[in-house]
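Spelled out, the chains give:
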Amino acid sequence: MADAIIFISQSYLQFATRQTLEMISDLTETVLILHDSETVDPFLKPFIKAVHHVPGSLNLSLRPALSHNEVKALVSGYADKHGGPDRIRIFCQQEDNVELAALIREELGIPGDRPGLVSAFRNKLVMKDRVSQHRPEALPAYAPFNQELCRADPARYFELLHTHFGDKFVIKPTSAAGSFNVSIVESFDDFLHAWTLINEESHDFEYEVNEFIDGKMYQCDSLVIDGKVYFSGILELGCSNFDFVQGKPLSVYPVTSQALYDRLFAFNQDIISALGFANGSTHHEIFQKSDGSLIFLEIAARVPGGLGVPYHAANSSINLIDANLLLAIGRDIPRTIVPDMRNNVISALLPVGNGTIRALNSPDIASRFTIDWYVKEGMEVTSRSLVDSAGVLMAFNDNPDILRSDFEKLQQYVPVTCS
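Parameters at a glance
- Residues numbered from 1 in each chain as written.
- Predicted model: local features only at pLDDT ≥ 70, side-chain atom pairs only at ≥ 80, totals over all residues.
- Heavy atoms only, no water.
- Helix = DSSP H or I, 4+ residues; strand = E, 2+ residues; numbered from the N terminus.
- Rg over C-alpha atoms; globule rule 2.2 N^0.38 Å.
- Buried < 20%, exposed > 50% of the residue type's maximum accessible area, 1.4 Å probe, protein only.
- Contact = heavy atoms within 4.5 Å.
- Pairing = 2+ DSSP bridges.
- Axes fitted to C-alpha atoms, helices over the stretch in contact; angles between N-to-C directions.
- Polar contact = N/O pair within 3.5 Å; in protein donor to acceptor, adjacent residues only side chain to side chain.
- Core = buried A, V, L, I, M, F, W, Y, C linked by side-chain atoms within 4.5 Å.
- Salt bridge = Lys/Arg side-chain N within 4 Å of Asp/Glu carboxyl O.
- Phe/Tyr/Trp six-rings, centres within 6.5 Å; stacked < 30°, edge-to-face > 60°.
- Lys NZ or Arg CZ within 6 Å of the ring centre and 35° of its normal.
- Arc of directions from axis to C-beta.
- Parallel < 35°, antiparallel > 145°, perpendicular 65-115°, else oblique.
- Left-handed = near helix turned anticlockwise from the far one by under 90°.

Caption draft 1: Quick look at the overall build of the chain. Along the chain, the regular secondary structure elements total 14 helices and 21 strands. Computed over its C-alpha atoms, the radius of gyration of the chain comes to 21 Å, within 12% of the 22 Å expected for a compact globule of 419 residues. By residue count, 53% of the 419 residues in the chain fall in the buried class. Across the chain, every contact between residues at least 6 apart in sequence was considered, and the portion connecting residues at least 24 apart equals 67%.

Right, dumping it as structure tokens:
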């Protein structure tokens, strides 16, 4: 049992239950490290005993990557206070700071994931290289995007990529999230547009090129204990993250076919084992091609963002943030949390569009639904990644046919009218 738990960022902690936060606050010293620009979420405030603000940068991240030196000094102080690094734990679910958390664990000798592991869940080229050693047939064609070659002769570089990847390919950052600056290239004009995005971007991202995969997309949101997947909520996606940025609701539907669920579960476990992940949550995205083959897209060593945590709490009675918090302090998860999949819930992350919001619209669906709006009329909005969302819809129906019909209808739903 740790004497202190240090939260690097508050991302997703707001999804924890009051009961779990109260218990952890009673048992340990709870410390929150935030960027200088942030304030503590009012829901979390009663459960946090100390808050520290530090600077950060946006060179390689969408949210501030916190200062390594300042965070390390703070964590080291708490390790000394509590009698050594084995007496504290670092908890981080924010994509932009998971590598920082791993580095500080390694430098100070704190139990938990190390950089060698986390890098395979953060850098898309590293993760594909590692998966290729185990399941090469499950990967799309991929390569680093060579900015020097492109700068020297864009037309020639486009032809090289076209020859290797075919008539349609994808260019995207290797370490961003939520389809930020993703481009689908089908022509030289598309390629020049992608190159302009890269050149004009203030973030210093590296980029990769991927074969375009046409198929149905799934995600596996898992809780892993000692290398074995204890729970995986497996969802069919109504569209890709790229489509969301273009204005389509990112809706999810639970996989109800036991045969398909088992196949995706086994593939997910195989990838997690290949990457050596032992304890915590993963968010894994998979394509199923028309011939039935499964293709690895990417995987993150954290809970799902956006609608993921509330969805699984509603559909399967498992709160993934609660589970990860309890795992961090050494609780026996199987004795504490028992999933109960009902498969009577669909959900959608709602796109904001671009311009000034003139109206917030309700969907034309039969199921009972709620919408948690993040925006309001009169706001200026721009859609660049999953971070730019208008809200989350959740719908409930015990009739699977109606639920499926409503899932399909959400593909045409326009939640926000902009001008």
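Having seen the model, we can carry on.
Caption draft 2: Region of interest: the sheet that holds strand 12 (residues 228-237). The antiparallel open sheet is built from 8 strands, whose spatial order is 15-14-11-12-13-16-20-18. For this open sheet the edge positions go to strand 15 (294-300) and strand 18 (368-373), each flanked by a neighbour on one side alone. Within this sheet the neighbouring strands show an average axis-to-axis angle of 25°, counted without direction.

Caption draft 3: Geometry of the environment of histidine 134. In this fold, histidine 134 is placed in the loop between helix 5 (124-132) and strand 7 (142-144). In this structure, the C-alpha to C-alpha distance between histidine 134 and aspartate 270, residues 136 residues apart in sequence, is 8.9 Å. Not counting residues up to four positions away in its chain, the partners in contact with histidine 134 are Asp270 and Ala274. One polar contact links histidine 134 to aspartate 270, side chain to side chain, over a distance of 2.9 Å.

Caption draft 4: Spotlight on the nonpolar core. Of all hydrophobic cores here, the largest spans 29 residues; its most connected members are Ile5, Phe7, Leu13, Leu223, Ile321, Leu325 and Ile333. Every element with two or more residues in this core is listed here: strand 1 (4-8), helix 1 (18-27), strand 2 (29-35), strand 11 (215-225) and helix 12 (320-328). For this core, the element with the most residues is helix 12, which contributes 6 residues. By size, the runner-up hydrophobic cluster in this structure holds 26 residues, among which are Ile234, Tyr261, Ile271 and Leu275.

Caption draft 5: A look at the side chain of serine 251. When you line up the elements, serine 251 lands in strand 13 (residues 250-254). On the accessibility criterion, serine 251 (0% relative accessible area) is buried. Residue contacts for serine 251: discarding those within four places in its chain leaves Glu236, Leu237, Gly238, Ser347, Ala348, Phe407, Leu410 and Gln411.

Caption draft 6: Region of the structure containing the pattern of salt bridges. All told, the structure shown has 16 salt bridges when counted by the stated rule. The salt bridge involving arginine 302 is made with glutamate 95; its shortest N-O contact spans 2.5 Å. Here arginine 302 is found in the loop between strand 15 and helix 11 (308-316), whereas its partner glutamate 95 is found in the loop between strand 6 (88-91) and helix 3 (98-108), with 207 residues between them in sequence. Given a relative accessible area of 10%, arginine 302 falls into the buried group. Between arginine 122 and aspartate 96 there is a salt bridge whose closest N-O contact spans 3.3 Å. You can see arginine 122 sitting in helix 4 (residues 115-122) and its partner aspartate 96 sitting in the loop between strand 6 and helix 3, a full 26 residues away along the chain. Each member of the pair arginine 122 and aspartate 96 is classed as buried.

Caption draft 7: Representation of helix 11 within the structure. Counted residue by residue, helix 11 has 7 buried out of 9 residues, so it is predominantly covered. Of the positions making up helix 11, those classed as buried are Gly308, Val309, Tyr311, His312, Ala314, Asn315 and Ser316. If you follow the buried residues of helix 11, they end up packed against strand 11, strand 12, strand 13, helix 12, strand 16 (345-351) and strand 20 (389-396). Following helix 11 by one or two positions, serine 317 has its phi on the positive side, about 60°.

Caption draft 8: Here's a closer look at the sheet that holds strand 8 (residues 169-173). Strand order in the open sheet formed by 4 strands is 7-10-8-9, with antiparallel pairing between adjacent strands. Unpaired on one side and paired on the other, strand 7 and strand 9 (183-185) mark the two borders of the sheet. In this sheet, adjacent strand axes meet at a mean angle of 25° when their direction is disregarded. Set on the sheet, helix 5 makes contact with strand 7, strand 8 and strand 10 (207-211); between it and strand 7 the angle comes to about 135°.

Caption draft 9: A look at the packing of aromatic side chains. Per the counting criterion, the structure on display carries 15 aromatic pairs. Measuring from centroid to centroid gives 6.3 Å for phenylalanine 188 and phenylalanine 191, while their planes differ by 20°, and the two rings are stacked. Here phenylalanine 188 and its partner phenylalanine 191 are both found in helix 8 (residues 188-200), 3 residues apart, which amounts to about one turn of the helix. Above the face of the tyrosine 253 ring, arginine 404 is positioned so that its terminal group lies 4.8 Å from the ring centre.

Caption draft 10: Quick look at the environment of asparagine 199. Within the secondary structure, asparagine 199 is located in helix 8. Under the relative-accessibility criterion, asparagine 199 is labelled partly exposed at 43%. Expressed as a C-alpha distance, the spacing of asparagine 199 and leucine 108, which sit 91 residues apart in the sequence, is 38 Å.

Caption draft 11: Highlighting helix 5. Taken as a whole, helix 5 has its buried residues at Lys124, Leu125, Met127, Lys128 and Val131. An end-on view of helix 5 places all buried positions within 160° of arc, on one side of the element. Along its buried surface, helix 5 packs onto helix 4, strand 7, strand 8, strand 10, helix 10 (258-275) and strand 15. Among the residues of helix 5, the N-terminal cap falls to asparagine 123, whose side-chain oxygen and the backbone nitrogen of leucine 125 are separated by 2.9 Å.

Caption draft 12: Expanded view of the packing of helix 7 (residues 154-165) against helix 8. Closest axis-to-axis distance for the helix 7/helix 8 pair is 10 Å, and the angle between their directions is 115°. With respect to helix 8, the axis of helix 7 lies roughly perpendicular. Like other packed secondary-structure pairs, helix 7 and helix 8 cross with a definite hand, here right-handed. In this structure, helix 7 uses Pro154, Ala155, Tyr157, Phe158 and Leu161 to contact helix 8, whose residues at the interface are Phe188, Phe191 and Leu192.

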